[in-house]
Amino acid sequence: MSQPVHISFLGGAETVTGSKFLVKTSEKTILIDCGMFQGLKELRNRNWDNLPVNVDDIDIVLLTHGHLDHVGYLPRLVKQGFSGKIIGTAPTLAIAEIILRDSAKIQEEEAKKANQENYTIHHPARPFYNQHEATKTIELFQTEEENKWTNLSTNIAYRLLYNGHIIGATYIELDIFNKRFVFSGDVGRQQDYLLSPPKKPEYADFLFMESTYGDKLHPKENLDEMISEIISDTIHKNGNLIIPCFAVERLQTVMYLLWALYKKNKIPNIPIFIDSPMGNNVLEVFNRFPQWHKLTSSEYNAMCNHMNIIESYKETWDTIDDKRSKIIIAGSGMVTGGRVLTYLQQLIDNKNTTVLLVGYQAEGTRGRQLQEGAHEIKFYGKYYPVKASIKNIESLSAHADQNGLLNWLSNIKNQPEKIFLIHGEPHAMDAFRLKLKNTYNWEVTIPKLNSTIELTL
Ligand SMILES: [Zn+2]
């Protein structure tokens, strides 16, 4: 008997963020990821819309990993009445908890600020969700082991498989009436400082494939050389090196890089300060789940002991007053908020300061302005001249590039019936569509945002 399955692309379609894929079958309705839209305002405004589906019909949410664009809409889903289980690996749920609590706090602060400064069109401005709503969501979390099949009903089962990218990240295999659905999640890199290479799927009847870097190859950079030069220059100038950094994974990677350079005698024993409350929480996740990354516990401890991990905002000011040449790693990665603002406000107008950008800088952020050579920059309503020298590292991505994505698909033994490209900008998806056609002779569909496709099994 033929079985209809409906797939609704509620986010992460025609764009990178907001991943939400609803799989509706005769037995169960499953939501894969429940992310927030990020980036341009038009996209962010979509976060306020209720899902265009009946939330009561959703039986379960399966998460690929803990990034905001994969989990950030969950409290809204719960507000709309979802009360089922939210499943992910233990480290994914630990990261998701950190991200949701931080996101709720930021939403509350922004609503408060909008009301105080009266720049809202909503009266009063409300947070997208608050900390209480985040807590209610976290109560629905349930841990699942990696690489273990779990039955959801007679004809539906799922498993989560290691995917690199960030700690805990997986792709998801879903068997529905003997057909294999594969949701790639975000695919990690073959070579990563902290994570092992991703596992690869062996069968896929219906494939939902991310394409963030579908049109790009990561540049080859000699990071050891670049970083040790920047540090020796910093010491020579008796200045400070400030590294704005994402708290999840990137911060831990940069810590590891610096510690490894010190161990190899490539940099001297310059003081290193880590100033990111959220980063400290993520570091604790690395400590709790040693089997999910490559550091041994003695390496982890030695790395942490080599750094000065800042706990309080008072210590931030003590660090600024510290006259020694030093390295400061602080959030946020695109200089949109966090402790890094305090450091830059104090030190950006000093020609002995170096700012090293180590991640993607989105349009409209201070990070992008610095990257593009802005001569002044605004903090807390006041302009500061940029006298610091600005450096850039491009190769520290947590995503597979075009070759990595092709490689991830190379173990698939059958001809998939349908391939959907998701989680990419239109130009990246189009380039990757052509690449898949040329490499594997696969026909690819690029689904529209909020479209529903019926498959007959
Ligand atoms: Zn991700």
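Let me begin by describing the structure that accompanies this report.

Cut-offs used in this document
Counting restarts for each chain, with residues numbered from 1 along the sequence as it is written. Under the rules for a predicted model, residues below a pLDDT of 70 receive no local features and side-chain atom pairs below 80 are neither given nor counted, while totals for whole chains, interfaces and linings still include all residues. Side-chain calculation: all heavy atoms of the structure are included, whereas hydrogens and water are not. Comment: elements are numbered from the N terminus, with helices defined as DSSP H or I runs of at least four residues and strands as E runs of at least two. Within these notes, the globule rule equals 2.2 Å times the number of residues to the 0.38 power, and the radius of gyration is based on C-alpha atoms. For each residue, the accessible area found with a 1.4 Å probe, counting protein chains only, is set against the maximum for its type, and the residue is called buried under 20%, exposed over 50%, and partly exposed in between. Note on contacts: a residue pair qualifies if any of its non-hydrogen atoms lie within 4.5 Å across the two residues. The Shrake-Rupley method, run with a 1.4 Å probe, gives the accessible areas here. Residue values count only the displayed protein chains as cover. Positive: Lys, Arg. Negative: Asp, Glu. His and the chain ends are not part of the count. Every charge is mapped onto a representative atom, which is NZ of Lys, CZ of Arg, CG of Asp or CD of Glu. Each metal's donors are the N, O and S atoms found within 2.8 Å of it, except that Na, K and Ca use a 3.2 Å limit; water is left out, so coordination can look incomplete. Every angle between 85 and 135 degrees makes a four-donor site tetrahedral, while opposite donors more than 155 degrees apart, with all other angles between 65 and 115, make a four-donor site square planar and a six-donor site octahedral; other sites are irregular. Side-chain rings of Phe, Tyr and Trp (the six-membered ring for Trp) are treated as a pair once their centres are within 6.5 Å; stacked means planes under 30 degrees apart, edge-to-face means over 60, and tilted covers the remaining angles. Definitions used throughout: a 1 Å grid over protein atoms alone; a cavity as a set of points that fits a 1.4 Å probe which cannot get out; a pocket as an open set with protein on both sides within 12 Å along at least five of seven lines; a lining residue as one with an atom within 4 Å of a point. Grid points are joined across faces, edges and corners, and a volume is the space filled by probe spheres set on the points. The nonpolar class holds Ala, Val, Leu, Ile, Met, Phe, Trp, Tyr, Cys and Pro. Asp, Glu, Lys and Arg form the charged class, and all remaining residues, Gly among them, are polar. Pairs of strands are assigned from DSSP output, requiring at least two bridges between the strands. Note on geometry: axes are C-alpha line fits, over the in-contact stretch for helices, and angles between N-to-C directions span 0 to 180 degrees. Every case where a carboxyl oxygen of Asp or Glu lies within 4 Å of a side-chain nitrogen of Lys or Arg is listed as a salt bridge.

1. A look at the overall build of the protein
Within the protein, the secondary structure is distributed over 14 helices and 22 strands. In terms of overall dimensions, the protein is globule-like: its C-alpha atoms have a radius of gyration of 22 Å, near the 23 Å expected for 457 residues. With the C-alpha coordinates of the protein rotated into their principal frame, the extents come out at 75 × 55 × 40 Å. When each of the 457 residues of the protein is scored for burial, the buried share is 57%. Intrachain contacts of the protein at a sequence separation of at least 6 include 74% that bridge at least 24 residues. Accessible surface, the protein: about 20000 Å² in total, of which carbon and sulfur atoms supply 46%. Charged side chains in the protein number 49 positive and 53 negative. The centres of these two groups are separated by 3 Å.

2. Remarks on the coordination of the zinc ion
In an ideal tetrahedron of four donors about a metal, each angle is 109.5 degrees. In an ideal octahedron of six donors, the angles are 90 or 180 degrees. Distances from the zinc ion to its protein donors, H65 (NE2), H67 (ND1), H165 (NE2) and D186 (OD), fall at 2.2 to 2.3 Å. Note that the zinc ion binds four donor atoms; their angles at the metal cover 92 to 166°, and the shape is irregular.

3. Points about the packing of aromatic side chains
Within the structure shown, the criterion is met by 18 aromatic pairs. Note on Y440 and W442: the rings are 4.7 Å apart at their centroids and 25° apart in plane angle, and the pair reads as stacked. Residue Y440 is classed as partly exposed on the basis of its relative accessible area of 23%. Owing to a relative accessible area of 5%, W442 belongs among the buried residues under this scheme.

4. Description of the layout of surface pockets
Taken as a whole, the second largest pocket spans an internal volume of roughly 180 Å³. If you go around the second largest pocket, you meet 13 residues; those closest to its centre are N238, N240, K323, L347 and N350.

5. Looking at empty space enclosed by the protein
Here the structure, examined in full by the defined rule, presents three cavities of 30 Å³ or more. Put simply, the largest cavity is a space of about 60 Å³. The wall of the largest cavity is formed by 14 residues, among which F21, D33, S184, G185 and I422 lie closest to the centre. Class assignment of the residues belonging to the lining of the largest cavity gives a composition of five nonpolar, six polar and three charged.

6. Re the sheet that holds strand β10 (residues 179–183)
Pairing between sheet strands relies on hydrogen bonds along the backbone, with the strands arranged either parallel or antiparallel. Strand order across the open sheet formed by seven strands is β7-β8-β9-β10-β11-β20-β21, with mixed pairing between neighbours. Only two strands of the sheet have a single partner each, and these edge strands are β7 (150–153) and β21 (444–445). Bridge count for strand β8 (residues 156–162) against strand β9 (residues 170–176) is seven bridges, and the pairing is antiparallel. Bridge pairing in β9 places Y162 opposite T170. With respect to the sheet, helix α14 (residues 426–440) is in contact with β11 (206–210), β20 (418–422) and β21, its orientation differing from that of β20 by roughly 150°.

7. Observations regarding the sheet that holds strand β22 (residues 452–456)
Read from one edge of the open sheet, seven strands run β6-β5-β4-β3-β2-β1-β22, paired in mixed fashion. In this open sheet, the two edge strands, each paired with only one partner strand, are β6 (141–143) and β22. Neighbouring strand axes in the sheet, compared pairwise and without regard to direction, differ in orientation by 25° on average. Bridge count between strand β1 (residues 4–11) and strand β2 (residues 20–24): five bridges; the pairing is antiparallel. Within β2, the position partnered with F9 by the bridge is F21. Most of the contacts of helix α4 (residues 90–117) go to β6, to which it runs at about 155°, and overall it touches β5 (85–88) and β6.

8. Examining unusual backbone geometry
Across the junction of G331 and S332, the peptide omega takes the value 5°, indicating a cis bond. Note that S332 resides in the loop between β15 (326–330) and α11 (340–347). A positive phi angle, near 65°, is found at D33, a position not held by glycine. Position of D33 among the secondary structure elements: in the loop between β3 (29–32) and α1 (41–44). On the basis of relative accessibility, which here comes to 2%, the residue D33 falls in the buried class. A positive phi angle is found at N450, which is not glycine, with a value near 70°.

9. Comments concerning the pattern of salt bridges
Scanning the entire structure with this criterion turns up 20 salt bridges. The salt bridge involving K448 is made with E14; its shortest N-O contact spans 3.4 Å. Taken together, the residues span a long stretch of sequence, with K448 in the loop between β21 and β22 and E14 in the loop between β1 and β2 at a distance of 434 residues. Among the residues examined, K448 registers a relative accessible area of 54% and is labelled exposed. Several salt bridges share partner residues, and in doing so they unite R159, E173, D175 and R180 into one network.

All quantities given are derived from atomic positions and should not be read as evidence of function.
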